[in-house]
Amino acid sequence: MTPDTTTLSHPLRISLAAELHSRPFIELKTPEVLTHIAVCVSSSVSDVASNLQRQHHLLQALCHYFGVTPPVTEAKYFYHAFPAFRLKWECHTEFASYTFVTGASETAYVAGEDAFRATVLQHLPQTWLHSLQSKVLAASHLALMPQAEQYEYSSDAAALGAGRMLAGSVVLDRGTFLTDFAVHPDGFTRFILRDRAFIAQQAGRMVQRVLEIDTYRMMALLGLPLAQQSGPALNQMENELTTLVASMPALDQSQVQNTELEQQILHQLTALASRAEKLAVDNSYRFAASRAYFQLVKARIAELRESRIDGLPTIAEFMERRLAPAMQTCESIVRRQEALAARIAQTNDLLRTRVGIVQEQQNRQILQSMNARAAQQLRLQQAVEGLSVAAITYYAVGLISYVAKGLKAAGLPLNTDLLTGIALPVTGFLVWRGIQKLHQKLH
């Protein structure tokens, strides 16, 4: 009997395999008009589950208005054909995107400005649109229209805004893409994608790439205000560090050991390091996310496989001129933060080394004074030992004199003065020699 392969699979195999198919392209048939809205409910991603829940509340409100069953709370993708439009909803880490599609039967399509007049907004409840206030980060209309053989992009200039700098290119050698990447008075960015010979699913893939370029460029730009705010703070911290570093040579030149001033500088350096670290932590996620979104923008542009239209910059050139400088600003702030942290650490090490050297000098002076005192004590001890030899000899000779006098009184013929005179040097020598042997034994 063949075993059930599902029991042999890793617990995450099915979910990981399904992830590759969780965001399919929308099947599109020219002509159609799409409205794309990227909703960012929170500027923080500290609680991903809470963000996902709030995004589901918005989707549920829209589904309930039309009497449609919303997806489960854990879902990150939803597609449904409503009576007046089709909706593709995707939930990402920081934002959720709504892509509304209205076909030719619902849209009174006329070339030019009329392509953006009848959009899906007229079918959406105003209360739901009002609930998106201050949450919409990217919003765009995209008109997917057929391309005539004798096509001139100037015919679409009015729809994209007369007098604006347009960008565009021939994509995949099968269509033409035009935009100005500007927010129009209705609050939406406008894109025109002309279908010359898209084959099956190419239109859907191309539309998704274009919409992702617009969304990801806005997500990437979220790091720019943070970089602009961090610039003055970095300037101030760099000036403070320069002042602290400039004060250190004065300490080296001074012969006076000012421990209190050194400790004060060390305390200021520690506080400066804490501020720099906090700034880096506050900025790290946003700058890393901006870098990742910028890489996605460049990848989606590469997938367009652009060919130049005479007189227009390509999308890659437009982004390189307009978006790349903003990303370079973020990168420069990241590099400045890293350089500041490295300089603070190096200055801190230098100051600690100097304090250590001063402490070693102080310890050397203490040891030298202790050696001097020990030498003085040794000389004093030697002087005391000399006096001790004399004292011991004096008392010993006195005892010998008393003994000699006693023996003489007992009748022995002794010369006590001679005996005392002889005993004096002998006793002194013996006492001195005994003390020397005691020293040798102790050593």
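Here the structure is shown first, and the text comes after it.
Note that this is a predicted model, so its numbers are computed, not measured. (Residues numbered from 1 in each chain as written. Predicted model: local features only at pLDDT ≥ 70, side-chain atom pairs only at ≥ 80, totals over all residues. Heavy atoms only, no water.)

Undergrad: Just to check I follow, could you spell out the overall build of the chain for this structure?
TA: Tallying secondary structure elements over the chain gives 10 helices and nine strands in all. For the chain, whose C-alpha radius of gyration is 46 Å, the value lies well above the compact-globule estimate of 22 Å for 443 residues. Principal-axis analysis of the C-alpha atoms gives the chain an extent of 160 × 70 × 40 Å. Burial analysis of the chain (443 residues in total) assigns 40% to the buried set. Put simply, 71% of the contacts in the chain that link residues at least 6 apart link residues at least 24 apart. With an accessible surface of roughly 25,200 Å², the chain has 58% of that area assigned to carbon and sulfur atoms. Looking at the chain, you have 40 positive and 38 negative side-chain charges, and the mean spots of the two groups are 11 Å apart. (Helix = DSSP H or I, 4+ residues; strand = E, 2+ residues; numbered from the N terminus. Rg over C-alpha atoms; globule rule 2.2 N^0.38 Å. Buried < 20%, exposed > 50% of the residue type's maximum accessible area, 1.4 Å probe, protein only. Contact = heavy atoms within 4.5 Å. Areas by Shrake-Rupley, 256 points an atom, 1.4 Å probe, with all protein chains shown as cover. Lys, Arg positive; Asp, Glu negative; His and termini not counted. Charge placed at Lys NZ, Arg CZ, Asp CG, Glu CD.)

Undergrad: I keep staring at the pattern of salt bridges and nothing clicks. Help me out?
TA: Two side chains that carry opposite charge are able to pair once their charged atoms sit near each other. The full count for this structure, using the stated rule, is 14 salt bridges. Of the charged contacts, one joins Arg300 and Glu212 as a salt bridge, the two residues approaching to 2.4 Å between their closest N and O atoms. Residue Arg300 is located in helix α8 (residues 259–304), and its partner Glu212 is located in helix α6 (residues 202–221); the two are separated by 88 residues in the primary sequence. For the pair formed by Arg300 and Glu212, the shared burial category is buried. The residue Arg275 makes a salt bridge to Glu240 at a minimum N-O spacing of 2.8 Å. Linking Arg275 in helix α8 with Glu240 in helix α7 (residues 223–253), this pair joins segments that are 35 residues apart in sequence. A relative accessible area of 28% places Glu240 in the partly exposed class. Counted as one network, the salt bridges with shared partners bring together Arg209, Glu212, Arg300 and Glu303. (Salt bridge = Lys/Arg side-chain N within 4 Å of Asp/Glu carboxyl O.)

Undergrad: Whenever I open this one, the sheet that holds strand β5 (residues 136–146) confuses me. Can you help?
TA: In a beta sheet, neighbouring strands are held together by backbone hydrogen bonds and run either parallel or antiparallel to one another. The sheet built from nine strands is open, its strands ordered β2-β3-β4-β1-β5-β8-β7-β6-β9 with mixed pairing. Among the strands making up the open sheet, the edge pair consists of β2 (77–81) and β9 (306–308). Across this sheet, the average inter-strand angle for adjacent strands is 20°, counted without regard to direction. Sheet analysis places strand β1 (residues 32–39) next to strand β4 (residues 96–103), joined by eight bridges and oriented antiparallel. In the sheet register, Val39 faces β4, and the bridge partner there is Ala96. Most of the contacts of α6 go to β5, to which it runs at about 155°, and overall it touches β1, β3 (86–91), β4, β5, β6 (167–171), β7 (175–183) and β8 (189–195). (Pairing = 2+ DSSP bridges. Axes fitted to C-alpha atoms, helices over the stretch in contact; angles between N-to-C directions.)

Undergrad: What exactly am I supposed to notice about the nonpolar core here?
TA: In terms of nonpolar packing, the biggest core is built from 40 residues, with Leu28, Leu142, Leu193, Ile315 and Met319 touching the most fellow members. Going through the elements one at a time, β1, β5, β6, β7, β8, α6, α8 and α9 (315–409) are the ones with two or more residues in this core. Among the elements that make up this core, the one with the highest residue count is α6 (nine residues). (Core = buried A, V, L, I, M, F, W, Y, C linked by side-chain atoms within 4.5 Å.)

Undergrad: What should I look at first to understand the side chain of Arg300 in this one?
TA: On the basis of relative accessibility, which here comes to 16%, the residue Arg300 falls in the buried class. Leaving out residues up to four positions away in the same chain, Arg300 has contacts with Arg209, Glu212, Ile213 and Tyr216.

Undergrad: Please clarify how the pairing of β7 should be interpreted in this entry.
TA: Successive side chains on a regular strand alternate, one facing one side of the sheet and the next facing the other. The buried fraction of β7 is high, at eight of nine residues. Judged from the five bridges that link them, β6 and β7 form a sheet pairing that is antiparallel. Residue pairing across strands places Gly168 opposite Leu178, the latter belonging to β7. Counting the residues in the hairpin turn of β6 and β7 gives three residues, including Leu172, whose phi is positive at 55°. Relative to β8, β7 is paired through six bridges, and the arrangement is antiparallel. Note on β8: the bridge partner recorded for Val183 is Thr189. Between the end of β7 and the start of β8, which pair antiparallel, lie five residues, with Gly187 showing a positive phi angle near 90°.

Undergrad: For this particular structure, what's the right way to read the pairing of β8?
TA: Within β8, seven of the seven residues are buried, which leaves the element mostly enclosed by the surrounding structure. Of the two faces of β8, both are covered, the one formed by Thr189, Phe191, Leu193 and Asp195 as well as the one formed by Arg190, Ile192 and Arg194. Looking at chain direction, β5 and β8 are connected through seven bridges and run parallel. Along β8, the bridge assignment pairs His141 with Arg190.

Undergrad: In this structure, what is going on with α6? I would like to understand it.
TA: Each full turn of the α-helix corresponds to 3.6 residues, which orients residues three or four apart in the same direction. The end-to-end C-alpha distance of α6 is 29 Å, a good match for the 28 Å that 20 residues give at a rise of 1.5 Å each. For α6, a buried count of 17 out of 20 residues is recorded, marking the element as mostly surrounded by other parts of the structure. (Expected span 1.5 Å × (residues − 1).)

Undergrad: It is not clear to me how the packing of aromatic side chains should be interpreted in this structure. Could you clarify?
TA: For any pair of aromatic rings, geometry is given as the distance between the ring centres together with the angle between the planes. In this structure the tally under the stated criterion is 13 aromatic pairs. Between Phe95 and Tyr216 the ring centres are 6.4 Å apart and the planes differ by 75°, which places this aromatic pair in the edge-to-face class. In this pair, Phe95 sits in the loop between β3 and β4 while Tyr216 sits in helix α6, placing the two residues 121 residues apart along the sequence. The same class applies to Phe95 and to Tyr216, which are both buried. Judged by centre distance (6.2 Å) and plane angle (10°), the ring pair of Tyr98 and Phe100 falls under stacked. An identical accessibility class is assigned to Tyr98 and Phe100; each is buried. Linked through ring pairs, Tyr65, Phe66, Phe82, Phe85, Tyr98, Phe100 and Trp128 together constitute an aromatic cluster. (Phe/Tyr/Trp six-rings, centres within 6.5 Å; stacked < 30°, edge-to-face > 60°.)

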